[in-house]
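Single-letter residue listing:
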Amino acid sequence: MTEQSRVTVNDPRGPVNSGAGPQYVLYGVGADWPIRRGAGSLRISHEDRLRLADRFVPPENYRVAADLLEEPGSTVLLRARPGSGRRAAAIMLLHGLGEEDCAEGKARFEDLPPTGGEAETVPLAPGRGDRFLLDLSGITDEEEHTKAQRLLAVHRSRVQEAGAHLVVALPSGMEHAHAPDLEPHTVRLGRPRGIAVVTRYLRMDRIAFRPAELESADLRRLCERSPMRELARFAGLVRTARDSGRFGTDFAGWLDQSMHAVTDRVGEAGRQVIAVRTAHERALLLATAMFEEVHADTVYKAWHGLMRTVRHEEEGTTELARTDFGERLTTLGIERDPDGRLRFGQLAYAEAVRTYFWANFPGMRDDLRNWIGRAAGLDGLTADERMNVVVRFGERSLAVGRPDHLFDLVVRWADGAAGSSCEPRALTALRLGIGHEKFGGWFRRRIYDCVRSGSLSNGLIRVLSTACLESLGPTHPHQAMVRLRYLALRREEAAHEARKALLDLVERDRRLYRPLLEDLRNRAHRDPREAESPLRLLTELLGSERTPDPPPWPVLFQGWDAVFSQPPTELWDPLVRGWLDAVAGDSTRGMALGVMVRAAHGRSVALHRLYVIASDWVRYARHPSRAAVAAHFWQHIDHAQYARTNRPGAGPRTTEET
């Protein structure tokens, strides 16, 4: 398997500013991913920002924007021509404010949705030092732009009040609709020097070359005219050519192959497809392009599967009388290496073939979806090879505007999953969609609709839960929380995995603790007949091991009040015992005793149950510290019962009595 294939699977996260999923790399992406065309990923993790910083070439007026952003509460708007790296510049401006707080989780670094139309949108609640990116560069119509302007005004006000920082990448062609009051905060960025971008990428990839080797007229034209993502792709192809060992050992040969790959490969592929007239040969060409670097026997099966899917009749003669497989491969310029794996002789030719077929055979796209739905599960494929096929299909579907095809396969693969593991093909495809710069919002909305719909298979619940935690959580934590909450409250068996994912998400981002607790509390009060699931989840959330440090006592009081308002259940015992253990081990948490009792105030059955739980807790392990904690707890209970008898109008408080 090539270095490209190995990297693809071993690090499935989409890099900064890359296209959807693991095989796209755009301007500012690290050297550890293969290069693909496509729109950038939404992910802006700490590691991604560090990789981007290593390869970033500041554009003209970047320093002006950085100076404007330094002031707490500032908003900076970036205007630039398409392809000049607006998004990368926006990320680097926020990164330049310092990484310590973000790396330690003290400050947010978040990519905001460009519109606020989703029903579950959570109002922005920034803290001092938080950094936000609002990428509006994909907006193309007046109505959407107007909505985005209103959203921007709200975000800007809250950022200013909190002392946070906001960078906005503005859309092109909308200058006439730009609010005049934003002009002082708007910076027009120039285009980075293309040759400097390529040079920086090559050097970070440790590719040895002489500056004179970058002075050809063709390369200069490429650097002057191409978008930053294409220059990053070009530099990555040079690295791929070097690492493959198939295109010589000198920089000039790698550069020549890469130049042809970015300037004429799709044209070459198109000319070959036009010259190849039989359906069998065209199908073999496409099957090899989709399954490049896979063993010939498996490609053979995929080829025949494609023929059946497009309903092409079998050849009338026996196979012995037909052109043999090897001759067909040779005729099409397909190589078979000593290990029996198939590949094209030219760099990036398989990608060009895929691009040509999806662009020029639109009537086949449904069939291609169905074919890949089956072929990605062929026996003989390794796990890495399956994921490569999924990504290749996904990048083409997204490139031609068919995110529904990719989601269809997510559901199909997840529904057919056996056992309790998360279906890797479905998860890879969904990550691909969530991370896509253009269609990421489509996938977030589709997931939202899905989790609120009727019954779901356990396999799909597992895939959605994992994707929300791992892919959506880092960039859109509130939206991930909402979707996981819907999944966690479902009745299917796999809902317990969604509950675990939700609790893990909240543990990673403590800002989500209060909104989730309040939501569950409201749901439990809203409909007592449907209160069991939210109460169960609420009880887990209220456990001592799940509570932030220092504990938010008023919030805990609200949660305990909701739990104790229902008849005692088996859930009470581990909740109360957990807090008694916590107080016994850490006296600073002693306030929990009084707050918990006040949450049960006015409910004699609940107070009696608390007393019994504490008594059992002491008997389970007799220890002086336990006895002291239990005695203190009983005092609070006695006081609450006395107050109820003698002061019926007294209400609970959320501060410790002295």
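Computed from a predicted structure; not experimentally measured.

Engineer: Mind showing me how you'd approach the environment of F56 here?
Structural biologist: If you trace the backbone, F56 turns up in the loop between α2 (46–55) and α3 (62–69). Using a relative accessible area of 8% as the deciding quantity, one classes F56 as buried.

Engineer: Would you explain the packing of helix α22 (residues 477–488) against helix α24 (residues 513–526) in this entry?
Structural biologist: Look at α22 against α24: their axes get within 11 Å of each other, and the N-to-C directions meet at 35 degrees. Both α22 and α24 take part in a crossing whose hand is right-handed. Between α22 and α24, the residues in contact are M481, R485 and Y486 and P515, L516, D519, L520 and R523, respectively. Looking at side-chain class alone, the contact of α22 with α24 contains five nonpolar, no polar and three charged residues.

Engineer: Looking at this structure, how should I read the pairing of strand β2 (residues 109–112)?
Structural biologist: Consecutive residues of a regular strand have side chains that alternate between opposite faces of the sheet. Both faces of β2 are covered, namely the face carrying F109 and D111 and the face carrying E110 and L112. In terms of strand pairing, β2 meets strand β3 (residues 131–135) through four bridges, oriented parallel. Looking at the pairing, F109 lines up with R131 of β3.

Engineer: Mind showing me how you'd approach the environment of D205 here?
Structural biologist: Tracing the backbone through its elements, the reader meets D205 in the loop between α7 (194–204) and α8 (217–225). As a C-alpha pair, D205 and V238 span 33 residues in sequence and 9.5 Å in three-dimensional space.

Engineer: What should I look at first to understand the packing of aromatic side chains in this one?
Structural biologist: A ring pair, where both rings are aromatic, is described by two values, the distance of the centres and the angle of the planes. On inspection of all chains with the given rule, the structure shows 17 aromatic pairs. Ring centres 5.7 Å apart and planes at 20 degrees place the aromatic pair W303 and F325 in the stacked group. Of this pair, W303 sits in helix α13 (residues 296–309) while F325 sits in helix α14 (residues 325–331); the two residues are 22 residues apart in sequence, bridging distant segments of the chain. Here the two residues W303 and F325 agree in accessibility, since each one is buried. Each member of the aromatic cluster is reached from another via a ring pair, and the members are Y300, W303 and F325. The side chain of R485 reaches across the aromatic face of Y486, ending 4.5 Å from its centre. A cation over an aromatic ring shows up here: R523 above the ring of Y486, its NZ or CZ 5.5 Å from the ring centre.

Engineer: Could you clarify how one ought to interpret helix α4 (residues 86–95) in this entry?
Structural biologist: Along an α-helix, a turn takes 3.6 residues, which lines up residues three or four apart on a common side. Taken across its 10 residues, α4 has 10 buried, putting it largely inside the fold. Buried within α4 are the following residues: R86, R87, A88, A89, A90, I91, M92, L93, L94 and H95. Taken together, the buried residues of α4 touch α2, α3, β1 (74–79), β2, β3 and β4 (165–169).

Engineer: Is there a simple way to think about unusual backbone geometry in this case?
Structural biologist: Excluding glycine, residues mostly have negative phi values, and the peptide bonds linking residues are mostly trans. Cis geometry is adopted by the peptide bond preceding P550, which originates at D549 and carries an omega value of 5 degrees. Along the chain, P550 turns up in the loop between α25 (532–541) and α26 (553–564). A positive phi angle is found at N61, which is not glycine, with a value near 75 degrees. Counting through the fold element by element, N61 comes out in the loop between α2 and α3. N61 gets classed as partly exposed once you look at its relative accessible area, which sits at 34%. A positive phi angle, near 60 degrees, is found at R206, a position not held by glycine. Position of R206 relative to the elements: it lies in the loop between α7 and α8. With relative accessibility at 76%, the residue R206 sits in the exposed group.

Conventions adopted
Residues numbered from 1 in each chain as written. Predicted model: local features only at pLDDT ≥ 70, side-chain atom pairs only at ≥ 80, totals over all residues. Heavy atoms only, no water. Helix = DSSP H or I, 4+ residues; strand = E, 2+ residues; numbered from the N terminus. Buried < 20%, exposed > 50% of the residue type's maximum accessible area, 1.4 Å probe, protein only. Axes fitted to C-alpha atoms, helices over the stretch in contact; angles between N-to-C directions. Left-handed = near helix turned anticlockwise from the far one by under 90°. Contact = heavy atoms within 4.5 Å. Nonpolar A, V, L, I, M, F, W, Y, C, P; charged D, E, K, R; others polar. Pairing = 2+ DSSP bridges. Phe/Tyr/Trp six-rings, centres within 6.5 Å; stacked < 30°, edge-to-face > 60°. Lys NZ or Arg CZ within 6 Å of the ring centre and 35° of its normal.

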